[in-house]
Amino acid sequence: MAPSLEYVIDLARKAGEILRQGFTEPHQIEYKGINDIVTEADRQSESCILGQIRGDFPQHTIVSEESGLLSGTDHDAWYIDPLDGTTNFAHGVPIYSVSIAYARNGRLVLGVVYDPMQNECFSAELGKGAWLNGKPIRVSQETDLNKSLLVTGFPASIRTSRVTNLDHFAWFSLHSMAVRRLGSAALDLVYVGAGRMDGYWETSIHSWDIAAGTLIVQEAGGLVTNLEGDPDFFKPPYNLIAATPGIHHFIVEGLNRK
Ligand code: IPD
Ligand code: CA
Ligand code: CA
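Residues numbered from 1 in each chain as written. Chains lettered and ligands numbered in written order. Predicted model: local features only at pLDDT ≥ 70, side-chain atom pairs only at ≥ 80, totals over all residues. Heavy atoms only, no water.

(A) Fine view of the packing of aromatic side chains. Applying the stated criterion across every chain yields a total of 14 aromatic pairs. Here F172 and W201 contribute two aromatic rings whose centre-to-centre distance is 4.7 Å and whose plane-to-plane angle is 40°, an arrangement assigned as tilted. Here F172, found in helix α4 (residues 166–175), pairs with W201, found in strand β13 (residues 199–202); they are 29 residues apart in sequence, far enough to count as distant. F172 sits in the buried class, given a relative accessible area of 0%. Aromatic ring contacts, followed pair by pair, group Y7, F57, W78 and Y102 into a single cluster. The ring centre of Y191 lies 4.8 Å from the NZ or CZ of R196, which sits over that ring. (Phe/Tyr/Trp six-rings, centres within 6.5 Å; stacked < 30°, edge-to-face > 60°. Helix = DSSP H or I, 4+ residues; strand = E, 2+ residues; numbered from the N terminus. Buried < 20%, exposed > 50% of the residue type's maximum accessible area, 1.4 Å probe, protein only. Lys NZ or Arg CZ within 6 Å of the ring centre and 35° of its normal.)

Below, the structure is given as structure tokens:
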């Protein structure tokens, strides 16, 4: 049995409400790495989502940030980030989201990203469209890189890896209107889908960060590829460009400039 989009929306809203209520409480912060934290809210949101999916769809495979892989059938897989934007959340910055996607036979078919602070629920269903609180969304019509508003993120390994993204951040800052760093990859993506941002790129991200958001961008008319412009992006190392078609090729060129 497969879930409906309404089922996933209800689940994301329920988990988002847990986050919203916990936002102003004191947080228990644990370090998973130097720049990588987890709070009690990540775990509470995840246990709400996993409890419901495992009760309703006990055979399904689930990939969720804090619990890892829960193996099930090959046909049905869920990709869950129970709190995307933990660093913002832990510091009292109200930019974070819940991201839930469902894939059937290896294809992403349902995606929901919920922002509890704005009560904005972004959703998409393969071949049917993308919506914000039930109203259709489209990517922007921008075609001029100089006028574009871009968004990116930096890897948690920025202090120890040679790949920092700082060179690309500097280059695009000099060739676009501005480059933002919101701190929630799922929101970065759905803002592209809603036409608020014109393009996004990030390297070494995870399946749970991008599964729902990439479907939303595609269903809103955007292009999603790896850094070379290849549409086969949903596999390690999860390097990603998501943009409106008029800007996508500029980001490919900018990231691959010699
Ligand atoms: C992080 C956010 C951030 C991105 C990082 C992610 P988390 O997710 O999406 O924007 O730059 O790569 O790990 O840890 O807050 O769920
Ligand atoms: Ca995340
Ligand atoms: Ca997370």
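(B) Structural view of the coordination of the calcium ion (ligand 3). Within the first shell, the calcium ion (ligand 3) binds the protein through E65 (OE), D81 (OD), D81 (OD) and L83 (O), at distances of 2.2 to 3.1 Å. The sequence pattern describing where the donors of the calcium ion (ligand 3) fall on their chain is E-x15-D-x1-L. The distance between the calcium ion (ligand 3) and the calcium ion (ligand 2) is 3.7 Å, with D81 acting as a donor to both metals. One end of the pair, E65, is in the loop between β3 (61–64) and β4 (68–70); the other, L83, is in strand β5 (residues 76–84), with 18 residues separating them in the sequence. (Donors = N, O, S within 2.8 Å, 3.2 Å for Na, K, Ca; no water.)

(C) Region of interest: the sheet that holds strand β8 (residues 120–125). Across the sheet, eight strands lie side by side as β4-β3-β5-β6-β7-β8-β9-β10; this open sheet has mixed pairing. Because the sheet does not close on itself, it has two edges, and the strands there are β4 and β10 (135–136). Both β3 and β5 contribute to a ladder of four bridges, which runs parallel. Bridging from a neighbouring strand, S64 pairs with I80 of β5. Each of β3, β4, β5 and β6 (97–104) is contacted by helix α2 (residues 40–56), which is oriented at about 155° to β5, the strand it contacts most. Strands β5, β6, β7 (107–115) and β8 of the sheet are contacted by helix α5 (residues 185–193), whose axis makes an angle of about 105° with β7. (Pairing = 2+ DSSP bridges. Contact = heavy atoms within 4.5 Å. Axes fitted to C-alpha atoms, helices over the stretch in contact; angles between N-to-C directions.)

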